[in-house]
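Below are the chains, spelled out letter by letter.
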Amino acid sequence: MNLLEGSVGVEDLVLLEPLEQEPLLKNLQLRYESKEIYTYIGNVLISVNPYQQLPIYGPEFIAKYQDYTFYELKPHIYALANVAYQSLRDRDRDQCILITGESGAGKTEASKLVMSYVAAVCGKGEQVNSVKEQLLQSNPVLEAFGNAKTIRNNNSSRFGKYMDVEFDFKGSPLGGVITNYLLEKSRVVKQLKGERNFHIFYQLLAGADAHLLTALKLERDTSGYAYLNQKVSRVDGMDDAANFKAVQSAMTVIGFSEEEIQRVLEVTALVLKLGNVELADEFQANGVSASSIRDGKGVQEIGEMVGLNSEELEKALCSRTMKTAKEKVVTALNVIQAQYARDALAKNIYSRLFNWIVNRINESIKVGVGEKKKVMGVLDIYGFEILEDNSFEQFVINYCNEKLQQVFIEMTLKEEQEEYEREGIPWTKVDYFDNGIICNLIEHNQRGILAMLDEECLRPGVVSDSTFLAKLNQLFSKHDHYESKVTQNAQRQYDHTMGLSCFRICHYAGKVTYNVNSFIDKNNDLLFRDLSQAMWKAQHPLLRSLFPEGDPKQASLKRPPTAGAQFKSSVATLMKNLYSKNPNYIRCIKPNEHQQRGQFSWDLVAIQTQYLGLLENVRVRRAGYAYRQRYEPFLERYRLLSRSTWPRWNGGDREGVEKVLGDLNLSSEVAFGKTKIFIRSPRTLFFLEEQRRLRLQQLATLIQKVYRGWRCRTHYQLMRKSQILISSWFRGTMQKQRYEKMKASAVLIQAFVRGWKARKNYRKYFRSGAALTLANFIYMSMTQKFLLGLKNNLPSTNILDRTWPAAPYRYFHTANQELQKLFYHWKCKRFRDRLSLKQVEILKEKLCASELFKDKKASYPQSVPIPFHGDYIGLQGNPKLQKLKGGAEGPILMAETVKKVNRGNGKTSSRTLLLTKGHVILIDTKSSQARTVIALDNVAGVSVTSFKDGLFSLHLSEISSVGSKGDFLLVSEHLIELLTKMYQAVLDATQKQLPVTVTEKWCAVRGQWPVFPVGPPSC
């Protein structure tokens, strides 16, 4: 049963029954498969990453959710953003939106949607739009320098971000402040298999033009850089070159100058080139292992780019200076130590550059000190992490999530208690798991894990990860939420999953085993003072500003704070900030590991719901009363369940609600506040919904019954009126038709009688048959006029002119057609009588050509207006050719130069072709000697293409001596004339028709074998 009709599953998990893990997961899966990715837990929003663009965003949906309250529409991130913004604008309550979830769950996209919604609904104006644009354009810059492709996510945020957006009293944005947390700087020097370094490196190499790459001393090929994963240089669906242009544009919008952008790119290039600095083994004179730069070219290029002496940089990379109050000792570093120093320098440069970019953005979007402002914070931070090998990074991330869970529980219970007090409902203490003991285990100033880690890093003597673990085992041996191999052995427990160098903490989201290896190094996060001083000596303004401790005037022997202490301080500041604001929560869930749309991995989502504490969230929400609503909408929805309030209620809203619940005997299940009704159990709400559904069915049946009766009565009355009207019209029409018929009959009779009388009275004045005579006279006159007019308007005698005057009267139409035929036949006969015998022969040849090639050969239409000449080589002036024709055969019918296609290799040679009444003679054009003489009775047929070419094949009968050699392939420029004359000559000589085949393809024969196909290949 759903609270809202037409919804998929349960839209608010507070109403979920039963409240267990399996129904919760089934509900999320059902909604996800129906593309309903958002679900509520009270005012907490659950977002499941769809891995596709859904049509539920944009101006239309922003306007829709802007006009409705939180629960009136389907769950949506716009609804939560709208509640936060309206509360900030109308109630002067500072807001914060906490977005959590593991990598790939959609946290970054969720924060973008929140910011885009707020930007769309807040005020307008040139200055306001400029501020909004700067806030929105900070995302692509921070994504380029702080995001990377991981195994789980192609655009994973590798840092935590908290942005305070500040508004004026009207709700228009004034600016903001961005705080970043724990950038994963170890990614700069090493990435896991299948992952990439930060996006900016690939964007720079792919998108920078040749001039910029030359200035930065870089090459476009990513395989030339040791810090970039060679196997994963591109990401599907991500255009690094286009993104680089977008980052440059965004930095310009934010307020970066061209010089600042250039300096940022130079420092980025410096990090890439540091990875290519190779270190080699060497030994000092005393035999101590040392190191040196293998190829000084890389160090020299770095020095040229940032204005630094390459010898000083080499010295800083390969040695270390130890200072005390009394002396200074220079120690050579071996290769491993030098590589560690190089990588530490690269990580520190990039981390400090990222912090500088964040501070630079803050300078552009900051608000003046004197302006009164309201604040909305958006927190996009890592979710709870349990990996196969959990190290220092996972430890501090999970510590942050413990603190956020503590904030959630305390703020939620505080909000619940405040609402109960406002409504006058008695508040009973809620039993829940207080994770303060876990937070205290980690952050206690004297006896916390972080304090012990700092103490171990700072104490003199031999310090290692093992001594740190031993101290933890000694201190927390009896702590309920701490385990290790030592404590398990003491309690005689066996756990093969627990390593000797590991300890386990029972977090609110589950147990996490941490490996202490590298805890000390990562917490120290040391950068040798020599490297800081070398960077400070650089002439590059930005690089120099990143290392203020390198200034000898500010040199201090005091140890810098550890990474754990810094993060603990940042978290404390963040918690203080969150406690001062009204929280809004977005829990992001990744449905599968493969980033595939439509796939829902039950086990993966179950782990995330445990990490996010969703069941715990629901239990806290349902600790007192599971559902509450104002009296007015509650009465409007359920007043139909009581006869006292339906169909009309004139009393107050609260009295009406009390009346409805009293009639249903539910008064013991609810509590009445000042403005709201509180319902203890979801079952009570579901019972109300079920009763409402049954009551709606009853009312629908009643309405249908009344409507059907009204419709039938109305239909009957309408039919009765229609029948009366039709009957009256029908009777009237029948009487009118009868009257008209009687009137016509009377008039006809009267006409006949008057005509008979008139003929009888006037017959004596006219001869018998005078009417017929007059009619014949008139007809003859009209015929004479028609024929005389035709005589004067005869068309021309040109046989191509088919025009003819139209008949003036219809009864002359047949005679007019016959006259037209006679006139045309006369014109044709007259034309034929004027022709000479030679012209007749020419026309017969043209007629024959038409029958052979019309609508078959593409070159035929061009040959029609050209007369057939027969002699195209000047036969009369060539006595040698005259002798070859043979006197008994009469004149030569056709003489022209053709090209013979060689049947062996397809090459062409020129020949003179003579066509007589009995033979086809091919003559060598050079020697004027007959090469081939073919009798016409040996010609079996001719094949030509349907195109405009002059190619044809002369097929010969196999019994002839010439035919045994195969067919002839010839090319003629007067193909139509030649084949027409040949056709007539064969017909005259053999009394048989020569087969002329017009086709797009045929096969020419050489002896007994095909030579090659002509036309499209099919032979």
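Preceding block: the structure.
Residues numbered from 1 in each chain as written. Predicted model: local features only at pLDDT ≥ 70, side-chain atom pairs only at ≥ 80, totals over all residues. Heavy atoms only, no water.

Engineer: How would you summarise the overall build of the protein if you had to cite specific residues and measurements?
Structural biologist: Secondary structure summary: the protein contains 32 helices and 29 strands in total. Taking 2.2 N^0.38 as the reference for a compact globule, 1019 residues should give roughly 31 Å; the C-alpha atoms of the protein span a radius of gyration of 51 Å, well beyond that estimate. Taken along its principal axes, the extent of the C-alpha atoms in the protein is 145 × 110 × 60 Å. Across the 1019 residues of the protein, 47% fall into the buried class. Considering only contacts in the protein between residues 6 or more positions apart, those separated by 24 or more positions represent 65%. When the accessible surface of the protein is totalled, it reaches about 54,300 Å², and 53% of it is carbon and sulfur. Side chains of the protein give 138 positive and 107 negative charges; the mean places of these two sets differ by 15 Å. (Helix = DSSP H or I, 4+ residues; strand = E, 2+ residues; numbered from the N terminus. Rg over C-alpha atoms; globule rule 2.2 N^0.38 Å. Buried < 20%, exposed > 50% of the residue type's maximum accessible area, 1.4 Å probe, protein only. Contact = heavy atoms within 4.5 Å. Areas by Shrake-Rupley, 256 points an atom, 1.4 Å probe, with all protein chains shown as cover. Lys, Arg positive; Asp, Glu negative; His and termini not counted. Charge placed at Lys NZ, Arg CZ, Asp CG, Glu CD.)

Engineer: Kindly report on the side chain of K981, identifying the contributing residues and their values.
Structural biologist: Looking at the element boundaries, K981 is found in helix α32 (residues 975-990). Residue classification places K981 among the buried positions, given a relative accessible area of 9%. A distance of 3.0 Å separates polar atoms of two side chains, one belonging to K981 and the other to E845. Setting aside chain neighbours within four positions, we find K981 in contact with E845, F868, G870, L893, M894 and L915. (Polar contact = N/O pair within 3.5 Å; in protein donor to acceptor, adjacent residues only side chain to side chain.)

Engineer: Explain the sheet that holds strand β26 (residues 968-971) to me, using residue names and the numbers behind them.
Structural biologist: With respect to topology, 8 strands assemble into an open sheet ordered β23-β22-β21-β20-β26-β25-β24-β27, the strand pairing being mixed. In the strand order of this sheet, the two ends are held by β23 (930-935) and β27 (996-998), each with one partner. Recorded for the sheet is a direction-independent mean angle of 30 degrees between the axes of neighbouring strands. Where strand β24 (residues 939-944) and strand β25 (residues 951-956) come together, 5 bridges link them in antiparallel fashion. Along β25, the bridge assignment pairs S943 with S953. (Pairing = 2+ DSSP bridges. Axes fitted to C-alpha atoms, helices over the stretch in contact; angles between N-to-C directions.)

Engineer: Kindly report on the packing of aromatic side chains, identifying the contributing residues and their values.
Structural biologist: In the structure shown here, the tally under the stated rule is 28 aromatic pairs. Geometrically, the ring pair formed by F395 and F503 is edge-to-face, given 6.2 Å between the ring centres and 75 degrees between the ring planes. You can see F395 sitting in helix α13 (residues 392-423) and its partner F503 sitting in strand β14 (residues 502-507), a full 108 residues away along the chain. On the basis of an interplanar angle of 40 degrees and a centroid distance of 5.4 Å, the ring pair of W804 and F823 is categorised as tilted. Of the two residues, W804 is situated in the loop between α27 (770-792) and α28 (813-833) and F823 in helix α28; the sequence distance between them amounts to 19 residues. The exposure class of W804 is buried, given its relative accessible area of 16%. (Phe/Tyr/Trp six-rings, centres within 6.5 Å; stacked < 30°, edge-to-face > 60°.)

Engineer: Help me get a handle on the nonpolar core, residues and values and all.
Structural biologist: Counting 209 residues, the largest nonpolar core has F145, L345, I349, F395 and F503 as its most contacted members. When residues of this core are assigned to their parent elements, the largest contribution, 14 residues, is made by helix α12 (residues 335-365). Those residues in contact with I349, other than ones at most four positions away along the chain, are V267, L270, V271, L274, M535, L543, L546 and F547. Core analysis: the second largest hydrophobic core is formed by 31 residues, F853, V942, L954 and L970 among them. (Core = buried A, V, L, I, M, F, W, Y, C linked by side-chain atoms within 4.5 Å.)

Engineer: Describe the side chain of E443, and please don't skip the residues or the numbers.
Structural biologist: Looking at the secondary structure, you find E443 in helix α14 (residues 436-443). Polar contacts involving the side chain of E443 include one to the side chain of K403, which spans 3.0 Å. Residues contacting E443, with those up to four places away along its chain left out, are Y399, K403 and K568.

Engineer: Break down helix α8 (residues 240-254) for me, citing the residues and quoting the values.
Structural biologist: If you check α8, its first and last C-alpha atoms are 21 Å apart, about what 15 residues at 1.5 Å a residue would give, namely 21 Å. For α8, every residue scored as buried is listed here: D240, F244, V247, A250, M251 and I254. For α8, the arc enclosing every buried residue in end-on projection is 125 degrees, short of the 170-degree limit, so these residues lie on one face. Elements that come into contact with the buried residues of α8 comprise α5 (126-146), α6 (199-207), α7 (210-215), α9 (258-274) and α12. Count one or two residues on from α8 and you reach G255, which has phi positive near 130 degrees. (Expected span 1.5 Å × (residues − 1). Arc of directions from axis to C-beta.)

Engineer: Talk me through the environment of F61; I want residue IDs and the actual numbers.
Structural biologist: With respect to the secondary-structure elements, F61 resides in helix α2 (residues 59-66). Counting along the chain gives 376 residues from F61 to I437, while the straight-line C-alpha distance between them is 44 Å.

Engineer: Please provide a residue-by-residue account of the pattern of salt bridges, values included.
Structural biologist: Summed over the entire model, instances satisfying the criterion amount to 36 salt bridges. K74 serves as the salt-bridge partner of E36, at 3.0 Å between the closest nitrogen and oxygen. Here the residue E36 occupies a position in the loop between α1 (21-33) and β1 (38-41), and K74 occupies one in the loop between α2 and α3 (77-91), the gap between them amounting to 38 residues. For E36, a relative accessible area of 16% puts it in the buried group. The residue R352 makes a salt bridge to E549 at a minimum N-O spacing of 2.8 Å. Separated by 197 residues along the polypeptide, R352 in helix α12 and E549 in the loop between α20 (541-545) and α21 (563-579) bring together distant segments of the chain. Judged by its relative accessible area of 31%, E549 is partly exposed. (Salt bridge = Lys/Arg side-chain N within 4 Å of Asp/Glu carboxyl O.)

Engineer: Which residues make up the pairing of strand β22 (residues 919-924), and what are the values?
Structural biologist: Sheet faces and side chains relate simply in a regular strand, where the side chains alternate between the two faces. Within β22, 5 of the 6 residues are buried, which leaves the element mostly enclosed by the surrounding structure. With 5 bridges joining them, strand β21 (residues 908-915) and β22 adopt antiparallel strand pairing. What sits directly across from T912, in β22, is I923. If you look at the hairpin formed by β21 and β22, you'll find 3 residues sitting between the two strands. Judged from the 5 bridges that link them, β22 and β23 form a sheet pairing that is antiparallel. Residue pairing in the sheet places I921 in a bridge with V933 of β23.

Engineer: Break down the sheet that holds strand β13 (residues 482-484) for me, citing the residues and quoting the values.
Structural biologist: Working definition: the strands of a sheet are paired by backbone hydrogen bonds and lie parallel or antiparallel to each other. One open sheet holds the 3 strands; their spatial order is β13-β14-β15, and the pairing between them is antiparallel. Both outer strands of the open sheet, β13 and β15 (510-515), are each paired with one neighbouring strand and no more. Strand after strand, the sheet turns through a mean of 25 degrees between neighbouring axes, direction not considered. As paired elements, β14 and β15 share 6 bridges and run antiparallel to each other.

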